[in-house]
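Chain and residue survey
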Amino acid sequence: MRDGHITGRRIVAASWPTPWGSSEIELTDEAVAAAGGLAAAVAAHLGVTVAQMNAWIESDFTVRCAGRRADGKPCRGFVTGGSNLADPKAWVAMQGEYCPAHGGPGR
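Below: a short report on this structure. A quick note: this is a predicted structure, and the numbers were derived from the prediction, not measured.

**Points about the pairing of strand E2 (residues 21-28)**
- Note that strand E1 (residues 11-18) and E2 share 8 bridges and pair antiparallel. Each bridged residue has a counterpart across the sheet, and for Ser15 the counterpart in E2 is Glu24.
- Counted along the chain from E1 to the antiparallel partner E2, the turn is 2 residues long.

Structure (C-alpha cells):
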C-alpha cells in the first residue's frame, strides 16, 4: 500500500482537571484552529468561556459566597450545593449566590 491510499486527520488529546481526577476529549487540528486554540476548544466543549473554565478550575470547583464580612473582606464561605461541581456551567450559574450566613439556602 502506498501513502497515497492513506488519509487521516491529526487528533489532539486535551485533558483538564475535575473534582475527582480529570477528563479528556479528542479534537482534530481543524476544531482547535476553528475555536481559536486548545483552551478555547475545551471551553467550548464544556459550554463556557476560557475565563470561566479557568476560574472554575482555580476555585477547586467550589462556589464561594458573594457576601462581605463585617470588615468588608469577601466572605469566602461555601454556597450550599456549590462544592465539587463537575459541570462548569453549573458553577457559572451559581456565581453571585450566598452562603447560609449571608441569607443563602440552608439557613
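**Notes on the side chain of Thr18**
- By the secondary structure assignment, Thr18 is in strand E1.
- Assessed through its relative accessible area of 14%, Thr18 is described here as buried.
- Not counting residues within four places of it along the chain, the set of residues in contact with Thr18 comprises Ser23 and Phe61.

**Comments concerning the packing of helix H2 (residues 38-46) against helix H3 (residues 50-58)**
- Contact geometry for H2 and H3: axes closest at 8 Å, N-to-C directions at 80 degrees. Put simply, H2 runs roughly perpendicular to H3. For the pair formed by H2 and H3, the contact residues are Ala39, Ala40, Val42, Ala43 and Leu46 on the first element and Val50, Met53 and Trp56 on the second.
- Of the residues belonging to the contact of H2 with H3, the class tally is 8 nonpolar, no polar and no charged.

**Observations concerning the pattern of salt bridges**
- Under the definition given, this model contains 2 salt bridges.
- For Arg10, the salt bridge goes to Asp29, with nearest N and O atoms at 2.8 Å. Note that Arg10 is positioned in the segment before E1 and Asp29 in helix H1 (residues 29-35), a separation of 19 residues in sequence.
- Exposure remark for Arg10: the relative accessible area of 57% places this residue in the exposed category.

**Brief notes about the environment of Pro19**
- As for its placement among the helices and strands, Pro19 is situated in the loop between E1 and E2.
- Classification of Pro19 as buried rests on a relative accessible area of 19%.
- The spacing of Pro19 and Asp60 is 41 residues in sequence and 7.1 Å in space, taken between C-alpha atoms.
- For Pro19, the contacting residues outside a window of four places in its chain are Phe61, Asn84, Leu85 and Ala86.

So, how was this worked out
Residues numbered from 1 in each chain as written. Predicted model: local features only at pLDDT ≥ 70, side-chain atom pairs only at ≥ 80, totals over all residues. Heavy atoms only, no water. Pairing = 2+ DSSP bridges. Helix = DSSP H or I, 4+ residues; strand = E, 2+ residues; numbered from the N terminus. Buried < 20%, exposed > 50% of the residue type's maximum accessible area, 1.4 Å probe, protein only. Contact = heavy atoms within 4.5 Å. Axes fitted to C-alpha atoms, helices over the stretch in contact; angles between N-to-C directions. Parallel < 35°, antiparallel > 145°, perpendicular 65-115°, else oblique. Nonpolar A, V, L, I, M, F, W, Y, C, P; charged D, E, K, R; others polar. Salt bridge = Lys/Arg side-chain N within 4 Å of Asp/Glu carboxyl O.

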